[in-house]
Amino acid sequence: MEKVIAEGRQLPGALLPILHAIQDELGYIPVDDAVPMIADALNQTRAEVHGVISFYHHFRTTAPGDHVVQVCRAEACQALGARALEGHIKQRLGVDYHQTTADGQVTLEPVYCLGNCSCGPSLRVGDKILGRVSAARFDALLDSLQTRPVEVL
Ligand code: FES
């Protein structure tokens, strides 16, 4: 984190790039450590840094599960059945939005349009966007996420 902050502080408008870089690296922003370090480096108050982190929904302050699944809740996907899919996903995972499954594998998040409107319902899994997701396709996806490679010793 020191390195990311040291590199990022030179950029104009350094706060957002630094926060993105930390989240990309760690999966979340460990606020207790990160906020004082960033505030000192950028000569801002801790409250200012906290305010930016909490304003942008993209930033997470707790560690996510192994996979982050984002379900599009915006209009076009709703018109293509996203509501029913959302119900299925929550039931299948046993969690609501902003929660992680008990086995720590999947964090479920809402998202408001992924730019894939004509091919909804849309999901993002990590960096991948999937379209025309049905309940059956989601189940298949979940199976593939839960299949861990077997280590050969
Ligand atoms: S509305 Fe879902 S991708 Fe745009």
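Here the structure is shown first, and the text comes after it.
Remember, it's a predicted structure, so these values are computed and weren't measured experimentally. (Residues numbered from 1 in each chain as written. Predicted model: local features only at pLDDT ≥ 70, side-chain atom pairs only at ≥ 80, totals over all residues. Heavy atoms only, no water.)

### Focus on the layout of surface pockets
Okay, so step 1: The space that makes up the largest pocket amounts to roughly 820 Å³.
Okay, so step 2: Where the lining of the largest pocket is concerned, the elements lending two or more residues are helix 2 (15-26), strand 1 (67-72), strand 2 (99-100), strand 3 (106-111) and strand 4 (123-125).
Okay, so step 3: It is strand 3 that provides the largest number of residues to the lining of the largest pocket, a total of four residues.
Okay, so step 4: Here the residues of the lining of the largest pocket sort into eight nonpolar, 14 polar and six charged. (1 Å grid on protein atoms, 1.4 Å probe; cavity = no way out; pocket = protein on both sides within 12 Å on 5 of 7 lines; lining within 4 Å. Points joined across faces, edges and corners; volume = space filled by probe spheres on them. Helix = DSSP H or I, 4+ residues; strand = E, 2+ residues; numbered from the N terminus. Nonpolar A, V, L, I, M, F, W, Y, C, P; charged D, E, K, R; others polar.)

### Looking at the pairing of strand 1
Okay, so step 1: For strand 1, the buried fraction is high: five of the six residues fall into the buried class.
Okay, so step 2: Here strand 1 pairs with strand 3 via six bridges, running parallel. Residue pairing in the sheet places C72 in a bridge with V111 of strand 3.
Okay, so step 3: In terms of strand pairing, strand 1 meets strand 4 through three bridges, oriented antiparallel. Bridging across to strand 4, V71 finds its partner in L123. (Buried < 20%, exposed > 50% of the residue type's maximum accessible area, 1.4 Å probe, protein only. Pairing = 2+ DSSP bridges.)

### Digging into the packing of helix 6 (residues 82-93) against helix 7 (residues 135-146)
Between two packed helices, both the angle of their axes relative to each other and the distance between the axes serve to describe the pair.
Okay, so step 1: The N-to-C vectors of helix 6 and helix 7 enclose an angle of 35°; their axes lie 10 Å apart at closest approach. The handedness of the crossing between helix 6 and helix 7 comes out as right-handed. Of the residues in helix 7, those in contact with L85, H88, I89, R92 and L93 of helix 6 are A135, F138, D139, L142 and D143.
Okay, so step 2: Looking at the contact of helix 6 with helix 7, its residues break down into six nonpolar, one polar and three charged. (Axes fitted to C-alpha atoms, helices over the stretch in contact; angles between N-to-C directions. Left-handed = near helix turned anticlockwise from the far one by under 90°. Contact = heavy atoms within 4.5 Å.)

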